[in-house]
Amino acid sequence: MKLKTVIAKIEEEISIRQAEDFDNVGLLCGVYDRDVSGILVCHDALENVVDEAIERNCNLIVCFHPIIFSGLKSLTGKNYVERAVLKAIENKVAIYAIHTAFDNDFFGVNHGICSQLGLKNMKILQPKENNLKQLTVFVPKDYSEKVKEAMFSAGAGNIGFYDECSFTVNGNGTFRPAEGSNPFSGQQGIRENADEDMISVIFEGFKQGQIVGAMKTAHPYEEVAYQIYNLDNKNHHAGLGMYGDLEEEMDEKDFLGLVKEKFGLEVIKHSSFNNKKIKRVGVLGGSGASGIRSAAARKCDAYLTGDLKYHDYFLAESKMLICDIGHYESEQFVSQQLFEILSQKFSTFAISKSIEKTNPVNYFI
């Protein structure tokens, strides 16, 4: 299977276009027309991981963190990034990064954290804004279903856990073909009355090109009348972080004990105890100081993340237990999640999970 086909299938499950603008995701090095012999899933595509991929005959590494994040002005092997990329290129190993595309996915990084804690009623902590659009198109009644099917197939009409959502209103449309036109119905110079449906669908903005293209291909008119609107609605099924409820409320120390057990931790940094029960928990994998206020607004009793600074702990305001469990530690389940997704998606070649250590942080206990 060609690399471009493999990538297309991956993006059927996790769209790379839902990544944050600052991120560097997708194919970082590699040739699209090269055959894939095997996939190695990892957290960080470091040099030791590239060595592992070569040893296992895997010429595609699917990693969480992008090894190339900012621009490279040279490739001379002077640092860990250049050494990893050079070795991958020299051995014809492609590297594909997924990062915040998986952070923003409902069933991504933060869903994995919540599942480990056994949280129920999971919801997005920071829903994506300026993400949704609405398309309205006018279609001859006899072609209404054909156009709807085309738009649905291109990704329109997905609202949360529902798909093929639309709204249709029937009415009478008029048009007069001018000289040079080639009308589907009617004659030049004569106003035509048409029995038409007005179809409205909602979609995520990054799908606009494919949806409009599919709609126009299925539409019989030479000139298609349609409008696209930006919606103020937040997308409550995509975004950073999640929150949910424990089955039973817990004391703060018991909750920290649960976290240590589930995440295999030896130490947790946390804010002062508030002598409150823990029921609602917010999480944001990686560097999550930006989610503290959102967790407080959702009335979370505890918030788990990584990379917190000294002053971040003051934001607890004696109302919430803020916990820094470590950047890597909060994202540690990503490799297994990706391994399971890819294993279900591909059966013609091997999917392997890296056994190399890439967490740069160590603790002396």
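For the structure, see preceding data.
Residues numbered from 1 in each chain as written. Predicted model: local features only at pLDDT ≥ 70, side-chain atom pairs only at ≥ 80, totals over all residues. Heavy atoms only, no water.

**Quick word on the packing of aromatic side chains**
Here the structure, examined in full by the defined rule, presents 10 aromatic pairs. When the centroid spacing of 6.4 Å and the interplanar angle of 55° are considered together, the rings of Phe 22 and Phe 69 count as tilted. Highlighted residues: Phe 22 in the loop between α1 (3-13) and β1 (26-29) and Phe 69 in the loop between β3 (60-65) and α3 (80-90), separated in sequence by 47 residues. Classification of Phe 69 by relative accessible area gives partly exposed; the value is 44%. Grouping aromatic residues by their ring pairs yields a cluster made of Tyr 143, Phe 175, Phe 184 and Tyr 221. (Phe/Tyr/Trp six-rings, centres within 6.5 Å; stacked < 30°, edge-to-face > 60°. Helix = DSSP H or I, 4+ residues; strand = E, 2+ residues; numbered from the N terminus. Buried < 20%, exposed > 50% of the residue type's maximum accessible area, 1.4 Å probe, protein only.)

**Thoughts on the side chain of His 43**
Locating His 43 in the fold gives a position in strand β2 (residues 38-44). Here the side chain of His 43 touches Glu 331 through a polar contact of 3.1 Å, side chain to side chain. Ignoring sequence-local partners within four residues, the contact set of His 43 consists of Cys 63, Phe 64, His 65, Tyr 328, Glu 331, Ser 335 and Thr 358. (Polar contact = N/O pair within 3.5 Å; in protein donor to acceptor, adjacent residues only side chain to side chain. Contact = heavy atoms within 4.5 Å.)

**A word on the sheet that holds strand β7 (residues 167-175)**
In space, the four strands of this open sheet follow the order β7-β8-β6-β9, with antiparallel pairing throughout. Looking at strand neighbours, the two that pair on one side only are β7 and β9 (226-230), the edges of this open sheet. Taking each pair of neighbouring strands and ignoring which way they run, the sheet shows an average axis angle of 25°. For strand β6 (residues 132-140) and β9, the ladder comprises five bridges, and the chain directions are antiparallel. Counterpart to Lys 133 in the pairing with β9 is Asn 230. Contacts from helix α6 (residues 144-153) reach β6, β7 and β8 (192-204), with the element oriented near 20° to β8. (Pairing = 2+ DSSP bridges. Axes fitted to C-alpha atoms, helices over the stretch in contact; angles between N-to-C directions.)

**Examining the nonpolar core**
Grouped together as the largest cluster of nonpolar side chains are 49 residues, with contacts concentrated most on Ile 39 and Phe 255. The element contributing the most residues to this core is helix α8 (residues 252-263), with five residues. In this structure Ile 39 touches Val 6, Cys 58, Leu 60, Val 62, Leu 342, Phe 346, Phe 349, Ala 350, Ile 351 and Ser 352, once residues within four positions along its chain are discounted. In this structure, Leu 28, Cys 58, Ile 61 and Val 93 belong to the second largest nonpolar core, which totals 20 residues. (Core = buried A, V, L, I, M, F, W, Y, C linked by side-chain atoms within 4.5 Å.)

**A word on the pairing of β6**
Note that β6 and β8 share nine bridges and pair antiparallel. Bridged to Leu 132 within β8 is Glu 204.

**Details of the sheet that holds strand β15 (residues 350-353)**
Strand order in the open sheet formed by five strands is β1-β4-β3-β2-β15, and the pairing between neighbours is mixed. The strands lining the two open edges of the sheet, one partner per strand, are β1 and β15. The sheet shows a mean angle of 25° between the axes of neighbouring strands, taken without regard to direction. Where β3 and strand β4 (residues 94-97) come together, four bridges link them in parallel fashion. Each residue of the ladder has a partner; that of Cys 63, found in β4, is Ala 97.

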